[in-house]
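A closer look at the structure
In case you want the letters, here they are:
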Amino acid sequence: MANEDCPSATDGAIAIVDFAGFIDGSQRKAVADGMLASFKNTGFVYLLNYGLSQAEVDNMFDWSKKFFGLPEEAKQLAPHPPSGTHHRGYSAPGREKVYQLKDGEDEVGALQAAHRFTSDFKESFESGREGMPGMENIWLPESMLPGFREACLNFFSRCHQIQLTILRALATGLGLTEDYFTPYHLGPDNQLRLLHYPSVSAKSLHSGEATRISAHTDFCTMTLLFQDSVGGLEVEDPTCPGKFNPAPPVPGAVVVNAGDFLMRWSNDTIRSTVHRVRAPPSAAGSDGMIPPRYSIPYVRGLPLHGSTSGADISCILSSARQISIPSSNVFPAHGPKDVPSAMNLSLRVNML
Ligand SMILES: O=C(O)CCC(=O)C(=O)O
Ligand SMILES: [Fe+2]
């Protein structure tokens, strides 16, 4: 649908790609091309038949609901550390604030600006692979929610395998050897986030007094995003900055969005698109309340250390702008001037 400010604006529809043909080998190239085209157009794709059954996804949502349904003092037995770099454990509502750095803004300015923003009205629990130095998991005592830890670890490892398959499809679409991305993604720098956005009044979401998650890009290779049926995810229109289109839940599909690393890697041909969570269209009940939303992002980054560290990220697509970034500049708030624009940084600030 065009609008007056952006005559070229689209309805932002995100392609739905049946991934079965890649997994069973019957249509590898066609599926890979379809997925890549969607990453280039919108930065997002819905994948059907991607390798997890609905029962497995529903089971993880059930565990998430059980966890967030515990009393606050119980959840606080697995507290997210104050450090902004140890992304594990439980963060209470209002604790985390997602803020997107503006062009040219340094981290100090961004932190000051972020503190003036409304905190995200959500609670989260983050976990990853066991035994990662500096990123140890923070679990509840097992007796408080028996089976929760095992469920998180199983789901995490299923997502890890699925994401490696998606990266193979991506390499196929880009005309690279199928395992091009694999060695960069065997490391442990990835994260399973359970998110719960409590019920909130439609009025406070519309007025900006409360926000679910504010506009940001993901600082990673890609995210698998499982969402429940409530809705509210919005993606910025590729042709009309500032215009957001709904990315409603599609039964049976996982949402996959490209992150900043993939945008950088592909020399900006794949988009790392700004997205946010607001009130879903016409979801308020007669009491004016928006129902709670649960979502599960599995965030796939790069190992920050080791032989295939982030220092190796250089554009893989031929272009006059092709460069390598020295390791000290891999994760700057904003890179040197000739670095493609993908190195946006979204801050996840933990408020104390
Ligand atoms: O809850 C959602 O659907 C969005 C979560 C998200 O964008 C994120 O955690 O980066
Ligand atoms: Fe995100």
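Just above, that's the structure.
These figures come from a predicted structure and were not determined experimentally.

Observations regarding the sheet that holds strand β10 (residues 233-237)
Hydrogen bonds along the backbone pair up the strands of a sheet, which may run parallel or antiparallel. Ordered in space as β8-β13-β10-β11, the four strands form an open sheet in which the pairing is antiparallel. The outermost strands of the open sheet, each flanked by one partner alone, are β8 (213-216) and β11 (240-246). Each strand axis lies, on average, 25 degrees off the axis of its neighbour in the sheet, ignoring direction. With two bridges connecting them, β8 and strand β13 (residues 275-277) associate as antiparallel partners.

Considerations on the packing of aromatic side chains
One pass over the structure, following the stated rule, counts 15 aromatic pairs. Seen in terms of ring centroids, Tyr180 and Tyr184 are 6.2 Å apart; in terms of plane orientation they differ by 35 degrees. Their pairing is tilted. You can call Tyr180 partly exposed: its relative accessible area is 25%. Grouped by ring-pair contacts, the aromatic residues Trp63, Phe67, Phe68, Tyr90, Phe125, Trp139 and Phe148 constitute a single cluster. Over the ring of Phe22 we find Arg28, and its NZ or CZ is 4.1 Å from the ring centre. A cation over an aromatic ring shows up here: Lys65 above the ring of Tyr294, its NZ or CZ 5.2 Å from the ring centre.

Structural notes on the coordination of the iron ion (ligand 2)
Six octahedral donors at a metal ideally form angles of 90 or 180 degrees, and four tetrahedral donors ideally form angles of 109.5 degrees. Protein coordination of the iron ion (ligand 2) is provided by His216 (NE2), Asp218 (OD) and His275 (NE2), with donor distances spanning 2.1 to 2.2 Å. The sequence pattern formed by the donor residues of the iron ion (ligand 2) is H-x1-D-x56-H. Comparing His216 with Asp218 shows no difference in burial state: the two are buried.

Thresholds, definitions, all that
Residues numbered from 1 in each chain as written. Chains lettered and ligands numbered in written order. Predicted model: local features only at pLDDT ≥ 70, side-chain atom pairs only at ≥ 80, totals over all residues. Heavy atoms only, no water. Pairing = 2+ DSSP bridges. Helix = DSSP H or I, 4+ residues; strand = E, 2+ residues; numbered from the N terminus. Axes fitted to C-alpha atoms, helices over the stretch in contact; angles between N-to-C directions. Phe/Tyr/Trp six-rings, centres within 6.5 Å; stacked < 30°, edge-to-face > 60°. Buried < 20%, exposed > 50% of the residue type's maximum accessible area, 1.4 Å probe, protein only. Lys NZ or Arg CZ within 6 Å of the ring centre and 35° of its normal. Donors = N, O, S within 2.8 Å, 3.2 Å for Na, K, Ca; no water.

Purely geometric numbers; function is a separate question.
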